[in-house]
Amino acid sequence: MDSDLRSFESMFDETILERGKAYWREGHVVSIEEIDAGLYCATVEGSELYEVNVELENQCIIRVIECDCPYDWDAHCKHQAAVLFALRERVQKGAEALSEAPPLMARLKNVLTGKTKDALVDML
């Protein structure tokens, strides 16, 4: 498979992609849990609850994506598309949060500056 989470849209038929995007926007992706490093299990609400499993490498390369829904017209369903939109948003927000956080050394310096030797020892 080896598609990129940043540009997965080409994996899908246009109609299915739009349905998946609507599912994502409307909150049909009920949950996403990282069950192991890079392995995600999501629940998507459709006519029933469907389970979508995704394996990502380096938080962006889609190695595997599977859904337990009965859709068999194409390789990928709207539930998978919805989960990929949700995962992409989650990864992007995580990267933005990291880029906005001051570097570790700067944070440590702010915490430790001005502390007495005894205060520093107490912190340890």
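Heads up: these notes are all about the structure in this document. All residue numbers refer to position in the chain's written sequence, counted from 1. For this predicted model, a pLDDT threshold of at least 70 governs which residues receive local features, and a threshold of 80 or more governs which side-chain atom pairs are given and counted, while totals over whole chains, interfaces and linings are taken from all residues. As a rule here, side-chain values cover all heavy atoms of the structure and leave hydrogens and water aside.

### Quick word on the pairing of strand E5 (residues 61–67)
Step number 1: In this sheet, E5 lies alongside strand E1 (residues 3–4) in antiparallel orientation, the contact comprising two bridges. The residue bridging Ser-3 from the neighbouring strand is Ile-62, located in E5.
Step number 2: Two strands are said to pair when DSSP picks up at least two bridges between them. We count a stretch as a helix when DSSP gives it H or I for four or more residues in a row; a strand needs E for two or more, and each element gets its number in order from the N terminus. Relative to E5, strand E4 (residues 49–57) runs antiparallel, the two being bridged by six bridges. Following the sheet pairing, Asn-53 is matched in E5 by Glu-66.
Step number 3: Between E4 and E5, which pair antiparallel in sequence order, lie three residues; one of them, Asn-58, sits at a positive phi of approximately 55 degrees.

### Observations regarding unusual backbone geometry
Step number 1: A positive phi angle, near 55 degrees, is found at Asn-58, a position not held by glycine.
Step number 2: On the secondary structure map, Asn-58 appears in the loop between E4 and E5.

### With respect to the nonpolar core
Step number 1: If you look at the biggest cluster of nonpolar residues, it comprises 23 residues, and the most contacted ones within it are Phe-8, Phe-12, Val-54, Ile-62 and Leu-84.
Step number 2: For this core, the secondary structure elements donating two or more residues are helix H1 (14–25), strand E3 (39–45), E4, E5 and helix H2 (78–100).
Step number 3: The element that contributes the greatest number of residues to this core is H2, accounting for seven residues.
Step number 4: Apart from the residues within four sequence positions on either side, Phe-8 is in contact with Leu-17, Ile-62, Ala-81, Leu-84, Phe-85 and Arg-88. Take the buried residues of types Ala, Val, Leu, Ile, Met, Phe, Trp, Tyr and Cys, join any two whose side-chain atoms come within 4.5 Å, and each joined set is a nonpolar core. Three exposure classes are used, based on accessible area relative to the maximum for each residue type with a 1.4 Å probe and protein chains only: buried under 20%, partly exposed in between, and exposed over 50%. Any two residues whose heavy atoms approach within 4.5 Å at even a single point are treated as in contact.

Keep in mind these values describe shape, not function.
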